[in-house]
Structures are given as structure tokens and as C-alpha cells.
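Here are the chains, one letter per residue:
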Amino acid sequence: FLCQGGLTGAQKGTATHRFVQFADYRRARLDLEAEIRRLTEEGMLTTLQADAINRRTVKSFLESDLAERILSSPEVLREKRFIIEVPISEIYEGVEQFSDEKVMIQGACDCAFEEEGGLVVIDYKTDLIDDEEIFREKYRSQLMLYKKALELCTEKPVRETLLYSFHLSRTIEVKEKI
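Note that this is a predicted model, so its numbers are computed, not measured.

(A) Highlighting unusual backbone geometry. Even without glycine at this site, Glu79 takes up a positive phi of about 50°. For Glu79, a relative accessible area of 19% corresponds to the buried category. For Glu155, which is not a glycine, the phi torsion comes out positive at approximately 60°. Considering the arrangement of structural elements, one finds Glu155 in the loop between α7 (132-154) and β4 (158-165).

(B) Highlighting the environment of Phe166. Following the sequence through the fold, Phe166 ends up in the loop between β4 and β5 (170-173). By relative accessible area, Phe166 is classed as buried at 3%. It is 16 Å that separates the C-alpha atoms of Phe166 and Val121, two residues lying 45 residues apart in sequence. In this structure, Phe166 is in contact with Thr16, Val20, Thr57, Val58, Phe61, Tyr124, Lys125 and Thr126, ignoring residues within four places of it in sequence.

(C) Examining the sheet that holds strand β2 (residues 102-115) more closely. Ordered by their spatial adjacency, 5 strands build an open sheet running β1-β2-β3-β4-β5, and the pairing between neighbours is mixed. The sheet is open, and its two borders are formed by β1 (76-87) and β5, each paired with just one other strand. Recorded for the sheet is a direction-independent mean angle of 40° between the axes of neighbouring strands. Bridge count for β2 against strand β3 (residues 118-125) is 5 bridges, and the pairing is antiparallel.

(D) Focus on the pairing of β2. Here β1 runs beside β2; their pairing, made up of 11 bridges, is antiparallel. In the sheet register, Lys80 faces β2, and the bridge partner there is Cys109. A loop of 2 residues connects β2 with β3, the two strands running antiparallel in sequence, and Glu116 in this loop sits at a positive phi of about 50°.

(E) Summary view of the pairing of β3. Among the 8 residues in β3, 8 count as buried, and that is most of the element. Relative to β4, β3 runs parallel, the two sharing 7 bridges. In the strand pairing of β4, Asp123 is matched with Leu163. Chirality of the crossover, the property in question, places the unit of β3, α7 and β4 among those that are right-handed.

Procedures and definitions
- Residues numbered from 1 in each chain as written.
- Predicted model: local features only at pLDDT ≥ 70, side-chain atom pairs only at ≥ 80, totals over all residues.
- Heavy atoms only, no water.
- Buried < 20%, exposed > 50% of the residue type's maximum accessible area, 1.4 Å probe, protein only.
- Helix = DSSP H or I, 4+ residues; strand = E, 2+ residues; numbered from the N terminus.
- Contact = heavy atoms within 4.5 Å.
- Pairing = 2+ DSSP bridges.
- Axes fitted to C-alpha atoms, helices over the stretch in contact; angles between N-to-C directions.
- Right-handed = clockwise from strand over helix to strand, strands pointing away.

As C-alpha cells, then:
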């Protein structure tokens, strides 16, 4: 479970995801250490996870325009779970002979918030990738599934799909391929 010296990269990513899932962003903006301590005391983070959170990248997120948009929203959904049925051809290429077949997809969207009558979908990433285009290509299909799922589950249009890279401290817009 643990590497020598602490958490693995994946486990550190999980710690960051748990923080953004459960944190009160307003409190964290005022006193990040106090918010991490609160989450640890309430059992949302282990001590190892709390210690592994990169304060610099989390502060950068909390001070970002994206965090401001989230805080300004009338409705924020965190870890929105879904189960949807989609044609297999939307998941896999080259399966035209099975085009009538459907598959069930189960997942959870990191964050979605209402803005201007629609939803903005966010997937938080801790990957150590330096190229925005690589991020887009790697996660486009995942975000498009989240878009479809949230539109079906909430009956609201998704107007924007975003990745937030903690490594780059940057929001990356991801659009459907044309």
C-alpha cells in the first residue's frame, strides 16, 4: 500500500481529489491549513493524505478564476454519480457490426456547476503532463461521457467541459472532436 517514504504518486493524486471533493473552498481560501486539519479531524483525509497535499498547487486552484466561478454558482455538484446506457459504438471504434448493442457506463464526475442556464463539467487531474493538447486527447472521451451523462441525469445542457491540471495550475477546455 505505501511506498518507502510515503504515498505513491497515484495516492497523492487521490489525496488531492479528496480535498477538492470535501473542502469548503471559502474556508480553504482563508486558511488552507485549518481546512486540511478540519478534513483530517472529520475523517475525510488521513494524516498521510493531508501531509501529501501540495499546498502550492491547491492554493493556485483556490485563487483561480475557475474556483471563483464555482463559488459564484447557484448549484455545485461534487462527485456526481451516474449510470447511463450508451451505444457501444460511442465507446469503441470499429464495432459497427454491434451498433445496435448498448453498454452500461457507471462513473462519477469530479465537479459540475451551474452557470448561465447550463452546466460546466470539470475533471480534476494531478497527472505530471506538461502539454495541454496531450491532456485534451487523453481525456476527451471521458469528458464527453460525463457531458452526456450529466445532460441525461440533470436534464440541463452542458455548456463547457474542462480539465483542471494541478500540475500546470491551469484550466484546459476540452471540446468534442469534429
